[in-house]
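Chain by chain, the residues:
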Amino acid sequence: MLIKFDILVDLSLDSHFSFFFFTSLSPSVFKVGRYAENSGDLDLMIDISSQPDLGFLIDQIKNYVSILNNS
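Since this is a predicted model, take the numbers as computed values, not measurements.

Conventions and cut-offs
Residues numbered from 1 in each chain as written. Predicted model: local features only at pLDDT ≥ 70, side-chain atom pairs only at ≥ 80, totals over all residues. Heavy atoms only, no water. Core = buried A, V, L, I, M, F, W, Y, C linked by side-chain atoms within 4.5 Å. Buried < 20%, exposed > 50% of the residue type's maximum accessible area, 1.4 Å probe, protein only. Helix = DSSP H or I, 4+ residues; strand = E, 2+ residues; numbered from the N terminus. Contact = heavy atoms within 4.5 Å. Pairing = 2+ DSSP bridges. Right-handed = clockwise from strand over helix to strand, strands pointing away. Patch = residues over 30% accessible without salt bridge, like charges linked within 9 Å, V, L, I, M, F, W, Y side chains within 5 Å. Areas by Shrake-Rupley, 256 points an atom, 1.4 Å probe, with all protein chains shown as cover. Salt bridge = Lys/Arg side-chain N within 4 Å of Asp/Glu carboxyl O. Axes fitted to C-alpha atoms, helices over the stretch in contact; angles between N-to-C directions.

Trainee: Looking at this structure, how should I read the nonpolar core?
Mentor: Across soluble globular proteins, you tend to see nonpolar side chains buried next to one another. The biggest cluster of nonpolar side chains holds seven residues, and these are Val32, Leu44, Ile46, Ile48, Phe56, Leu57 and Ile61. Only strand E3 (44-46) and helix H2 (54-70) provide two or more residues apiece to this core. A per-element tally of this core places H2 first, with three residues. Apart from residues no more than four positions distant in its own chain, Ile46 is found in contact with Val32, Gly33, Arg34, Tyr35, Leu57, Gln60, Ile61 and Tyr64.

See the structure below:
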């Protein structure tokens, strides 16, 4: 049975083929993660080049998703 999730959150800090493969095949409605030039399958990409830290990425995802959720 295929479970369709509303949001896929990619918390990877490095570009790996397995993460790209997973996100491209996911049936999720909305996909969010770190900005990378080869991440064309994400709906929302967050640039963390100024502070490449997992905690910062999580805080930014929570911030932007809450803004979109209130719209």
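Trainee: Help me understand the pairing of strand E1 (residues 7-10) in this model?
Mentor: Here E1 shows a clear split, with Leu8 and Asp10 buried on one side and none of Ile7 and Val9 buried on the other. Relative to strand E2 (residues 30-34), E1 is paired through four bridges, and the arrangement is parallel. Pairing of Ile7 across the sheet is with Phe30, part of E2. In the classification by handedness, the crossover that spans E1, the intervening helix H1 (residues 17-25) and the parallel E2 is right-handed.

Trainee: Explain a nonpolar patch on the surface here, please?
Mentor: A cluster of nonpolar side chains, Ile7, Val9, Leu11, Leu13, Leu54 and Ile58, forms an exposed patch at the surface whose accessible area comes to about 430 Å². Where the nonpolar patch is concerned, the elements lending two or more residues are E1 and H2. With respect to the helices and strands, the residue Val9 is situated in strand E1.

Trainee: Would you mind going over the pairing of E2 with me for this structure?
Mentor: Every regular strand shows the same layout, with side chains that alternate between the two sheet faces. The element E2 is largely enclosed, with a buried count of four among its five residues. Two elements, E2 and E3, share three bridges in a ladder whose sense is parallel. Pairing of Gly33 across the sheet is with Met45, part of E3.

Trainee: What is the right way to read the sheet that holds E3 from this model?
Mentor: Strand pairing within a sheet occurs via backbone hydrogen bonds; the two strands may be parallel or antiparallel. Judged by pairing direction, the sheet is parallel, and its three strands sit side by side in the order E1-E2-E3 without closing on themselves. The open sheet terminates on both sides in strands that have one partner only, identified here as E1 and E3. This sheet shows a mean twist of 10 degrees between the axes of neighbouring strands, independent of strand direction. Docked against the sheet, H1 engages E1 and E2, running at close to 170 degrees with respect to E1.

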